[in-house]
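Observations on chain architecture
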2 protein chains.
Amino acid sequence: MLDKTVVRNVLEAARAEGRQALTAPEGKLICDAYGIAVPQEGVAGSAGEAASLASSMGFPVVMKIVSPDILHKTEAGGVIVGVKSAEEARASFDKIIANAQAYKADAEIVGVQVQQMLTGGLEVIIGAVTDDSFGKLVAFGLGGVLVEVLKDITFRLAPVTHDEALSMLDSIQAAEMLKGVRGGEAVNRIALADMIVQVSKLVDDYPEISELDLNPVFATREGAIAADVRIVVDYNQAKPRHRPSQEEILKSMNRIMRPKAVAVIGASAEDGKIGNSVMKNLINGGYKGQIYPIHPKAEEILGYKTYKSVKDVPGDIDTAVFAIPAKLVAGALAECGEKKIPGAVLIPSGFAEAGEPELQDEIVKIGRKYNIRLMGPNIYGFYYTPENLCATFCTAYDVKGSAALSSQSGGIGMAIIGFSRSAKMGVSAIVGLGNKSDIDEDDLLTFFEQDDNTRIIAQHLEDLKDGRAFAEAAKRVSQKKPIVVLKAGRTSAGAKAASSHTGALAGNDKIYEDVFKQVGVIRARSLRQLLEFARGIPVMPTPKGENVVIITGAGGSGVLLSDACVDNGLSLMGMPDDLDAAFRKFIPPFGAAGNPVDITGGEPPLTYKNTVKLGLEDDRIHALILGYWHTIVTPPMVFAKLMVEVKEEMAAKGIEKPMVASLAGDVEVEEAAEYLYQHGIPAYAYSTELPVEVLGAKYKWARGAGLL
Amino acid sequence: MLDKTVVRNVLEAARAEGRQALTAPEGKLICDAYGIAVPQEGVAGSAGEAASLASSMGFPVVMKIVSPDILHKTEAGGVIVGVKSAEEARASFDKIIANAQAYKADAEIVGVQVQQMLTGGLEVIIGAVTDDSFGKLVAFGLGGVLVEVLKDITFRLAPVTHDEALSMLDSIQAAEMLKGVRGGEAVNRIALADMIVQVSKLVDDYPEISELDLNPVFATREGAIAADVRIVVDYNQAKPRHRPSQEEILKSMNRIMRPKAVAVIGASAEDGKIGNSVMKNLINGGYKGQIYPIHPKAEEILGYKTYKSVKDVPGDIDTAVFAIPAKLVAGALAECGEKKIPGAVLIPSGFAEAGEPELQDEIVKIGRKYNIRLMGPNIYGFYYTPENLCATFCTAYDVKGSAALSSQSGGIGMAIIGFSRSAKMGVSAIVGLGNKSDIDEDDLLTFFEQDDNTRIIAQHLEDLKDGRAFAEAAKRVSQKKPIVVLKAGRTSAGAKAASSHTGALAGNDKIYEDVFKQVGVIRARSLRQLLEFARGIPVMPTPKGENVVIITGAGGSGVLLSDACVDNGLSLMGMPDDLDAAFRKFIPPFGAAGNPVDITGGEPPLTYKNTVKLGLEDDRIHALILGYWHTIVTPPMVFAKLMVEVKEEMAAKGIEKPMVASLAGDVEVEEAAEYLYQHGIPAYAYSTELPVEVLGAKYKWARGAGLL
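Model, not experiment: these values are computed from the prediction.

Structural notes on empty space enclosed by the protein
All names here are of chain A. Counted according to the given criterion, the structure contains four cavities of 30 Å³ or more. Considered as a void within the structure, the largest cavity measures approximately 140 Å³ in volume. If you go around the largest cavity, you meet 14 residues; those closest to its centre are Leu22, Thr23, Ser67, Ile70 and Lys73. When contributions to the lining of the largest cavity are tallied by element, the ones reaching two or more residues are β2 (61-66) and β10 (229-233).

Re helix α2 (residues 24-33) of chain A
Residue and element names in this part refer to chain A. In terms of burial, α2 is largely enclosed, as seven of its ten residues are buried. Those residues of α2 not exposed but buried are Ala24, Glu26, Gly27, Lys28, Ile30, Cys31 and Ala33. The inward-facing, buried residues of α2 contact α1 (4-16), β1 (41-44), β4 (111-116), α7 (189-205), β8 (209-219) and β10.

Focus on the interface of chain A and chain B
Every contact between the two is made by 65 residues of chain A and, on the other side, 65 residues of chain B. Summed over both sides, the interface of chain A with chain B buries roughly 5100 Å², with 64% coming from carbon and sulfur. On the surface where chain A and chain B come into contact, there are two salt bridges. In this structure, the salt-bridge partner of Arg421 of chain B is Asp666 of chain A, at a minimum N-O distance of 2.8 Å. In this assembly, chain A and chain B are joined by 22 residue pairs in polar contact (both at pLDDT 80 or more).

Brief notes about the state of the cysteines
All told, the structure shown has zero disulfides over all chains when counted by the stated rule. Cysteine Cys394 of chain B shares no disulfide, and the gap to the nearest cysteine sulfur, in Cys390 of chain B, comes to 10 Å.

Remarks on the environment of Ala98 of chain B
Residues and elements named next belong to chain B. Among the secondary structure elements, Ala98 is positioned in helix α4 (residues 86-103). You can call Ala98 partly exposed: its relative accessible area is 41%. Distance from Ala98 to Gly78, taken between C-alpha atoms, is 8.9 Å for residues 20 residues apart in sequence.

Digging into the pattern of salt bridges
Residue and element names in this part refer to chain A. Under the counting rule described, the total for this entry stands at 78 salt bridges over all chains. Across the salt bridge formed by Lys436 and Glu441, the nearest N and O atoms sit 2.7 Å from each other. Judged by its relative accessible area of 1%, Lys436 is buried. Each of Arg8, Glu12, Arg15 and Glu208 takes part in a single network of salt bridges with overlapping partners.

Quick look at the nonpolar core
Phe140, Leu192 and Leu214 of chain A together with Phe140, Leu192 and Leu214 of chain B are the most contacted members of the largest nonpolar core, which has 108 residues in total. What Phe140 of chain B contacts, discounting residues up to four positions off in sequence, is Val124, Ile125, Ile126, Ile153, Thr154, Met168, Leu169, Ile172, Leu178, Leu192 and Ile196 of chain B. Counting residues in hydrophobic clusters, the runner-up holds 90 residues, among them Tyr397, Met540 and Ile550 of chain A together with Met575 of chain B.

About the criteria used
Residues numbered from 1 in each chain as written. Chains lettered and ligands numbered in written order. Predicted model: local features only at pLDDT ≥ 70, side-chain atom pairs only at ≥ 80, totals over all residues. Heavy atoms only, no water. 1 Å grid on protein atoms, 1.4 Å probe; cavity = no way out; pocket = protein on both sides within 12 Å on 5 of 7 lines; lining within 4 Å. Points joined across faces, edges and corners; volume = space filled by probe spheres on them. Helix = DSSP H or I, 4+ residues; strand = E, 2+ residues; numbered from the N terminus. Buried < 20%, exposed > 50% of the residue type's maximum accessible area, 1.4 Å probe, protein only. Contact = heavy atoms within 4.5 Å. Buried area = accessible area lost by both parts, 1.4 Å probe. Salt bridge = Lys/Arg side-chain N within 4 Å of Asp/Glu carboxyl O. Polar contact = N/O pair within 3.5 Å; in protein donor to acceptor, adjacent residues only side chain to side chain. Disulfide = S-S within 2.5 Å. Core = buried A, V, L, I, M, F, W, Y, C linked by side-chain atoms within 4.5 Å.

Structural measurements only, silent on function.
Structural data, given as structure tokens:
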């Protein structure tokens, strides 16, 4: 189908000439090969040739300089639009050549391109960029100056499916424009999506195409034609990071995270030493496997027989925790290699983060040589509660649960531990990733995917060393388990200078934003949100549909909860008449049915019970948001216990729907909120937004996983 | 200067003819009178006239139907642009007339307007609308279809000053466009601002101009010309709500909020009755003034002599708290009037909120007749802690402080009480406003403005009964004290159908958003934010400049805190070399100076002390954000006490700067955060965003009040 020979020839010619950009005619050849529609055109070498070419394709035409040395043609005065006659074509040729020479005296000038001029339709941009972490991305946005100012553009990992391409049309702020506004025609969505798909295939097939712009593309009811193509090439693409296979990852990670034996390299009997804290945490945490302290001189540490080297240990070792200075790590790591230990937990700092990248390169090399997976360096270690394993110098932590968290930074790890303990959030694991010299987020995703103790994965990260590997793992894993990510450093735009429009529009954070959405990752906007999502999402059942109903005792909370629904992408169900009537039976005449269902403030427990039961029983409703108002008639704990009772009564009948609650009242509501949370109803005191955010995150996941 | 006679004549003519819209020539007359530049033009009654008119002003011209019955001219096929010759002008005239007749057979056709055609420049919209609550507003946005889709428009209360008009140019998303992008010229900002000012004066001078569009206005380097004007008139403007003078408000509010004597109408000795709860709260709250129970039969209630009517009470009464059924309120209120009581606190529900607007109208009438200010009805009452006054049926509350809060809804009031108690947030007042039949937010602003016990005002509201009065009070008060508002019902767009572009773009919430900014009100995005702002803003000193520095023990927190700074409009100071060197002296070589100053995780208390002290002492720095990382070397309470020590040491030297802190660590950080907060450093555990939001809010206020 695709004429790949043509493309290969063009790219080889450019490589041979040491060029970084293709000419417009070369761009056209490539577009033709990939079925990307472009206007009729030709290159004129003289004014006369320009006139006859233009006459043959019909006026008006656009004329543009063709020079490998001039990328910004408009700036160079190298573009004249709306050329209407043969005479004008002649004059325009001369003017363009003169302008180009004035702009850059030594520019090599191939000629002047004469092109069929497209008018009408909507101008859009389709492009592609190469991201250091994610690799090839395809982009779509509306054309024109305004969009460049508003940066209204969307990205996807290339290649994309036709459905993914269609989703891009809806992902820009000004999506409505494509549907035709104020008399304008709707564009041909299929044709646009086709073009996006082809561009994404092209850059995926030819890694040396580093940036590509179709700008503008004229989109009409009939189809889409790219009026201009700009292609930047780079024949020195960075090598991707080493990627073990899924089987290899699982084999190592299962041994590291669920070890039968742990060695502590640099174990110490001395209080305050890291090697002492690690030993104590292993012991006091209740780890049941073998513990082997390693120390050059000691015979015994904290009652455990001590060895001079891992090589002296009689049995197998799965995980080696390092608590020795940075400069000693390489030597000890090689010994781990000889002992065939599959994983090293590198607590020490003093590597890349401290201006010692060579020291880090050295240990990575040793790791690869011996096939040892490295966690860190520069980390607090990790916790895996199903094995009572605290392979860390921080405090022991033992509240078991189903959330697996990781952090790139130690401080954030400590915040996770504090929050988890305070909020009674059980965890399956907390993992420090630090410098991510080897093990990174996708390795954890692959491990937690098949870990029955984990139901949600929450990750704090500042960058992705291999965004493509992360995306591939996340796309697969998010179908089974929710993944929440807090991406820090959002506001530092990608610093790399770009020579294309699309490249310049590719703020680093926008790419993370779009790729996360593409692969079903829920993005947390703040540290607290990451933690609340990790806590709240797994306690709720998955909703079976989009219809959310608010039942509230406080009208004021109802309004704020409605606001929060819109903010969090939740759909308030339009209340059917029969259901409206059914709710009205339970509430005072001055209450309001509709949605929110306002049961009014002075109601007894029975009113809450009846309405919530109805909300759970009616199968047109898929999720409930409860607004509680503290009164003497229905005190906080009475409300909380009643709600749990109703929930469990329904669950016994097989009815399970996500429920969240907002509690307005005096301090007693805090106890009630905690009771509700512990019984599967995420509930917050003094907040109308947090419960809805948590429900919204659950919905985001369910949609991404195709469950809705 | 302004030729007001012309405008008056035009408006009277339209009124006489019963028209809702002005014709284009009428619009031009008005623009001329107000110095709003418009193109040359004239109205042609025949094809020949069109040709000669066009020839006289020069080609190209635009031709447009003139008909009071056709508002959407383009839709009607009534506009032809780019008419280039006398011949074309003739043909266009005939076509426009034919199209208009086809569009609306019975349309009255005045003729065809021939207008000088403007080309080049940037198309913008300047308009005005009439809002039910805020009255006249002027609007500015970029022209074109795209902006209508993106709703990128900004509003201000009319009339505006020239500076306010200039601020509008920077308030749209696409503001950069006005500065010229990719070779475009910057527009003449002065000319645009002038035109905005004139439009705002026009609609302020003539209330019957209900909507106005200048669309498009062509803005160039030289000036601004409005190519089209559309004016909608409405001669039946709603009467504004009754507005007492500031003196009247103060006189009543001072007596109501700080009463020497309180009557409880419907006092009861029976537990569980509202009139009993009110009595108990007054007594147990420690109120020192006179308490007069009113009851038709009782001699004495809870030890207080009881009267049959307020008229029987021997002394003056300042505040009458109503705890009787709705239908009895009117009668008792009239008695209050005869007794010359200045304020009634109407706890009862059963009025407008319960479908009884007539009952509410009746009491409003009585209130006006006797000059009694009404709080409510349908409220919990109010607290004023400096007088130990709990005029409410809710629980007594006595943690004194400087935040005055109010809520439109009872449930939100209860959340305020719970949060306040839990967070140890002292309050000066908590006020329920309920149906706001009379007393509303601006009355409270005026009272709290001069109340020395109040340093911040925080209000929850769903609507403003008189947005104009609120805005005027807020503009004045916000110069002295921060005002934070949570506007609920954000997402319900203004339902009123509009017949102009500007009107259609006026989503109700966008108006609230822009007016709040115009008058210096800080908008809270959520209930929790309202509460956190009320708590945090008053404890900090006002910053003296924009330079914020982050000092953190956790690099990871530093990144998240930086993100939060950008999200909250804070400026991270570019670190001067000498200051950078000074910080470096205190931190390890692998730490990072710059901003954030990363002191690294394992540092002793002295490092925190030295760096924070330096941050306070250097007068180029105006605010500090601290990131703490829990370690054994510097435990949480050691950090907290040390920070307070440094802060107080500096304060003794006259150095006071706002400081906030984010604490990452195990649960002990919660106690440390509370200690810091109680000592003037808003601090949060497990959150990098909340402390920065609070600091950001303080900055927003300081900027609005002109202190920065």
